[in-house]
Amino acid sequence: MGLEFAAWHLWLIAALAALLLELLAGGELFFLALAAGLAVGGLVAGFTGFSLTVQIITAAVVDMALTPLVIRRVRRRRERVRYAVAGEGGEAGRICTVIVRNGRAVIHLRHDALPVRFEDGSIPPADSRVRVLRIEGITAIVAPAD
C-alpha cells in the first residue's frame, strides 16, 4: 500500500507550479503558456507511457508551439477591452442626474464624482437630468437633457 508515483505526476506538478508563478508574476502570460505546454505535452506523453526523454522532448515541442499561440490569443482579447478616463471624449452625450455632495453639485461619470456647471457658468439644480457636453479639467460642462 505504498504511494505510487508516475512520471505524469511530475508534469502535473510542473504545470501547477507554472500556474502559481503566473499568479505571482502578475499576469505576464509566459508562465500560463508554459503551464499549458507542460500540461498538454508532458501529461499526454506521460499517460502514454513513453520514456522520460520522450516526455521532455514532447513537452518542449508542444511548449514551443503553444506559447506564441496562447500569448497572441490572450493579448488580442486584452486589446479589445478599452479603458478610458473622464476627459478623453467618450463621455460626451451621456445623460446624468445632478446630485449634491458636500454642498456641491456633481454628477457620477465612470465611477468618478465630477463637479458640474452649465456653459454659462451657472450651477444646475439637484436632481436635474443633464447631458454632458465636455470635460474641462475636473469639471463637467453640461446642458439640460430635455
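A brief report on the enclosed structure follows. (Residues numbered from 1 in each chain as written. Predicted model: local features only at pLDDT ≥ 70, side-chain atom pairs only at ≥ 80, totals over all residues. Heavy atoms only, no water.)

### Topic: the side chain of Asp63
- With respect to the helices and strands, Asp63 occurs in helix H3 (residues 52–80).
- Since its relative accessible area comes to 11%, Asp63 is described here as buried. (Helix = DSSP H or I, 4+ residues; strand = E, 2+ residues; numbered from the N terminus. Buried < 20%, exposed > 50% of the residue type's maximum accessible area, 1.4 Å probe, protein only.)

### A few points about the sheet that holds strand S5 (residues 129–136)
- Read across the sheet, 6 strands follow the order S1-S5-S6-S4-S3-S2 without closing on themselves; strand pairing throughout is mixed. Only two strands of the sheet have a single partner each, and these edge strands are strand S1 (95–97) and strand S2 (99–101). When the angles between neighbouring strand axes are averaged without regard to direction, this sheet yields 55 degrees.
- Bridge count for S1 against S5 is 3 bridges, and the pairing is antiparallel. (Pairing = 2+ DSSP bridges. Axes fitted to C-alpha atoms, helices over the stretch in contact; angles between N-to-C directions.)

### Quick look at the pairing of strand S6 (residues 139–144)
- The pairing of strand S4 (residues 112–118) with S6 spans 3 bridges and is classified as parallel. In the strand pairing of S6, Val116 is matched with Ala140.
- By the bridge criterion, 6 bridges tie S5 to S6 in an arrangement that is antiparallel. The residue bridging Glu136 from the neighbouring strand is Thr139, located in S6.

### Observations concerning the pattern of salt bridges
- For the coordinates displayed, the defined rule picks out 3 salt bridges.
- As a salt-bridge pair, Arg117 and Glu136 come within 2.9 Å of each other at their nearest N and O atoms. Highlighted residues: Arg117 in strand S4 and Glu136 in strand S5, separated in sequence by 19 residues.
- With relative accessibility at 25%, the residue Arg117 sits in the partly exposed group.
- Salt bridges sharing common partners tie together Arg117, Glu119, Arg134 and Glu136. (Salt bridge = Lys/Arg side-chain N within 4 Å of Asp/Glu carboxyl O.)

### Considering the environment of Leu133
- Assignment of secondary structure puts Leu133 in strand S5.
- Under the relative-accessibility criterion, Leu133 is labelled partly exposed at 32%.
- C-alpha separation for the pair Leu133 and Ile95, spaced 38 residues apart in sequence, amounts to 9.8 Å.
- Those residues within four positions of Leu133 in sequence are excluded, and the remaining contacts are Ala92, Glu119, Ile141, Val142 and Ala143. (Contact = heavy atoms within 4.5 Å.)

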